[in-house]
Amino acid sequence: MNIAVCVKRVPLSGGRWVLNADSTDIDTESSFLGFTLSPHEECAAEAAVQLVEANGGSSTVISLGVAESAEQIRDLLAVGIDRGVVVETDGTEWDPQATAAALTEQVRAGVPDAGAFDLVLLGTEAADTADYQVGIRMAHALGWPVVTNVKGLTISDGVARCERAVGSHREVYEVALPAVITVKDGINIPRYPSVPGRIKARKKPIDTVAGEHPAPRLEKVRLELPEVEERSATVLGTGADAVPALVDVFRQIGVI
Amino acid sequence: MIVVYADHDLGILDPLSLQAVTAAKALDADVQVLVVGADGRSTADELGAHGATVVHLAVHDALTDYTPLAAARAAQQLVTELSPQAVISAGTPRGNEVLAHLGALLDAPMSADTVSITLSASGDHEVVRNRWGGNLLETAIVHAPVLLATIAPHTVTAVESPESVTMREFTPALDPIDTAVRVIDRTGGGGGGIGLADARVIVSGGRGVGSAEGFESLDQLAELLGGAVGCSRVVTSAGWRPHSEQVGQTGTKVAPDLYIACGISGATQHIAGCRSAKTIIAINTDKDAPIMGFAHYAVIGDLHSVMPALVEATRAAKG
Ligand SMILES: Cc1cc2nc3c(=O)[nH]c(=O)nc-3n(C[C@H](O)[C@H](O)[C@H](O)COP(=O)(O)OP(=O)(O)OC[C@H]3O[C@@H](n4cnc5c(N)ncnc54)[C@H](O)[C@@H]3O)c2cc1C
């Protein structure tokens, strides 16, 4: 089974986001805290590694983004993904339709010397833009079925059984491969890279292809920080000495 | 005219769909609602009470339970027939999914998690939408004749606006491929976090709790206050607590009366899940942790000494 996992490099914030001067993007210079992937996507990669461990085959991570997206791919190679592909952009944002088209093209290309992909895994929504649609658009372009919001996945005899959490119960879906499945954080607990994993990852291939950016149809104009009440917590005290004051707050707000 | 796709489960309307109807009413008085599946018939009165003029009920033998692509096919047929200015839906998992399918079928853009919409006759609609779980707002132009958008939960309050609603049944033309992906079974034990989403009090723990055992005092306090235990992602990825208890952007969004954050730093992705809490109390060794900018009250100190004492004092106060 050949599995593709699509991931997106995003900045990691601490307590607050800071915007650049013309409010078109997050300021990653002054508030720099590094880059990461969505937990949904880390789980998608973990699912791919587990499926290949159980069924054989190969796993490929595909990322549309700046050349440095290779750093996030390298992290996933260290936990067992076999190879990576960067569809390189100049850092301008691509809308979901353009993103889906570029990723679909890489899925169609298949795995060098190993044939076509049987399964594409993505996060249900990206960490930053949360468009909830790239996987669905890819499925339409590929002519494959798609299940989204998946929190439980097993594959046998070419059929994927997917569970989706809805309130207090789970819905069950079954689809024949090839298919697109978008997963959610919590479907598994992603493993941490080991030192041997990191060493192996250095030798695994990451290919780069150039992306051609079509005009956006969902076109970002500007970003802003939502108005939030500026608060500074009232300090009730230090250590266990503050407990009586805490109990007073419980009384005031009526929880005891 | 606006078409709203109503999200219902076996005939029970998702309350967020009424918010979507109210949002649509603000754009146009003529709001026509698509309900998919014969079991959705029961939703018509509630939709009419909130301002739907027509309920289009898509009925088909193959539509026995939620079937996302078929729902989008039905919506596509309404778009062709009625030429609405916009198709909108609640930003629920199903609403987002059906509108994304519709976007793919129409080869049209779709704006998810939208907080405001300005329609334009020229087809360059302006939307404001959430990014990063609502920690950032994006203003965007959607270049499309028909705007497709899902409405972020709780950006509008559903208001009644009674109309004499007409029910119109139709049978969408469906290919077998449209119904290939559908709910085939339901199982219990989902752990979807309903308990957490409805809890009035949440006692939440982060990395500072240190271990699975460290949650004992949090469990005890939650029980005393009739609440639930929550946690940060550091905690679920360490396997200390199940993911159903994770609060945040990729966990559950909660809005309790009281949220107690123990050993949680207050990363934006965690705050995305708890910023609607009425009162937030932080217990943290670091007086400069970002959580202090969101909490109403704070105790500076080691939660391992504060929490057991707080459990005792709360028990005593309850008598
Ligand atoms: C796209 C994306 C989505 C995410 N989604 C989520 C999500 O849904 N939920 C979520 O929680 N995170 C999420 N995260 C992760 C998030 O960015 C943070 O990494 C995480 O919330 C930090 O958890 P924490 O506060 O427990 O740990 P830390 O940030 O390490 O903070 C630990 C805190 O505990 C305090 N502390 C330590 N010891 C003690 C003690 N003995 N007593 C009292 N205080 C102590 C420290 O001072 C510190 O403030 C997401 C990240 C990304 C990129």
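Each remark here, short or long, concerns the structure printed above.
Anyway, here's the lowdown on the structure attached to this text. (Residues numbered from 1 in each chain as written. Chains lettered and ligands numbered in written order. Predicted model: local features only at pLDDT ≥ 70, side-chain atom pairs only at ≥ 80, totals over all residues. Heavy atoms only, no water.)

Considerations on the nonpolar core
So, step 1. A:V5, A:L121 and A:L153 are the most contacted members of the largest nonpolar core, which totals 92 residues.
So, step 2. Residues contacting A:L153, with those up to four places away along its chain left out, are A:L51, A:L121, A:A160, A:R161, A:C162, A:I181 and A:I187. (Core = buried A, V, L, I, M, F, W, Y, C linked by side-chain atoms within 4.5 Å. Buried < 20%, exposed > 50% of the residue type's maximum accessible area, 1.4 Å probe, protein only. Contact = heavy atoms within 4.5 Å.)

Considerations on the site of the ligand
So, step 1. If you check the shell around the ligand, you find 33 residues, and the closest are B:R207, B:S232, B:S265, B:Q269 and B:N284.
So, step 2. Of the chains in the model, those with residues near the ligand are chains A and B.
So, step 3. At a separation of 2.9 Å, a nitrogen atom of the ligand approaches a polar side-chain atom of B:D302.
So, step 4. For the ligand, whose accessible area on its own is 990 Å², the fraction buried by protein is 83%.
So, step 5. Looking at the shell around the ligand, the elements with two or more residues in it are α7 (233-237), α8 (268-274), β16 (279-284) and α9 (303-318) of chain B.
So, step 6. Of the residues that constitute the shell around the ligand, the class distribution is 11 nonpolar, 18 polar and 4 charged. (Near = heavy atom within 4 Å. Polar contact = N/O pair within 3.5 Å; in protein donor to acceptor, adjacent residues only side chain to side chain. Areas by Shrake-Rupley, 256 points an atom, 1.4 Å probe, with all protein chains shown as cover. Helix = DSSP H or I, 4+ residues; strand = E, 2+ residues; numbered from the N terminus. Nonpolar A, V, L, I, M, F, W, Y, C, P; charged D, E, K, R; others polar.)

What to know about the pairing of strand β8 (residues 159-166) of chain A
Residues and elements named next belong to chain A.
So, step 1. Where strand β7 (residues 146-156) and β8 come together, 6 bridges link them in antiparallel fashion. In the strand pairing of β8, I155 is matched with A160.
So, step 2. Between β7 and β8, which pair antiparallel one after the other, the connecting turn spans 2 residues, and D157 there sits at a positive phi close to 50°.
So, step 3. Note that β8 and strand β9 (residues 169-176) share 8 bridges and pair antiparallel. Directly across from E163, in β9, lies its bridge partner V172.
So, step 4. Count of turn residues in the β8/β9 antiparallel hairpin: 2 residues, of which G167 carries a positive phi of about 55°. (Pairing = 2+ DSSP bridges.)

Overview of helix α3 (residues 96-109) of chain A
Residues and elements named next belong to chain A.
So, step 1. Its 14 residues give α3 an end-to-end C-alpha distance of 20 Å, which sits within 8% of 20 Å, the value for a rise of 1.5 Å per residue.
So, step 2. Within α3, 10 of the 14 residues are buried, which leaves it mostly tucked inside the rest of the structure.
So, step 3. Within α3, the full set of buried residues consists of P96, Q97, A98, T99, A100, A102, L103, T104, Q106 and V107.
So, step 4. Of the residues trailing α3, G110 is marked for its positive phi of about 75°. (Expected span 1.5 Å × (residues − 1).)

Some remarks on the side chain of B:Q249
So, step 1. Mapped onto the elements of the fold, B:Q249 is located in the loop between α7 and β15 (258-262).
So, step 2. Polar contacts involving the side chain of B:Q249 include one to the main-chain carbonyl oxygen of A:A127, which spans 2.8 Å.

Notes on the pairing of strand β6 (residues 86-90) of chain B
Residues and elements named next belong to chain B.
So, step 1. Of all 5 residues making up β6, 5 are buried, and the element is well covered by its neighbours.
So, step 2. With 4 bridges connecting them, strand β1 (residues 2-5) and β6 associate as parallel partners. The residue bridging Y5 from the neighbouring strand is S89, located in β6.
So, step 3. Both β6 and strand β10 (residues 147-151) contribute to a ladder of 5 bridges, which runs parallel.

With respect to the sheet that holds strand β13 (residues 201-205) of chain B
So, step 1. In spatial order, the strands read β13(A)-β17(B)-β16(B)-β15(B)-β13(B)-β14(B); together these 6 strands make up an open sheet with parallel pairing. Lying at the two open borders of the sheet, with one neighbouring strand each, are β13 (234-238) of chain A together with β14 (228-231) of chain B. The mean inter-strand angle of the sheet, taken between neighbouring strand axes irrespective of direction, is 20°.
So, step 2. The pairing of β16(B) with strand β17 (residues 297-300) of chain B spans 4 bridges and is parallel. Directly across from B:I281, in β17(B), lies its bridge partner B:Y297.
So, step 3. Together, β13 of chain A together with β15, β16 and β17 of chain B form the strand contacts of helix α6 (residues 243-252) of chain A, whose direction differs from that of β16(B) by roughly 165°. (Axes fitted to C-alpha atoms, helices over the stretch in contact; angles between N-to-C directions.)

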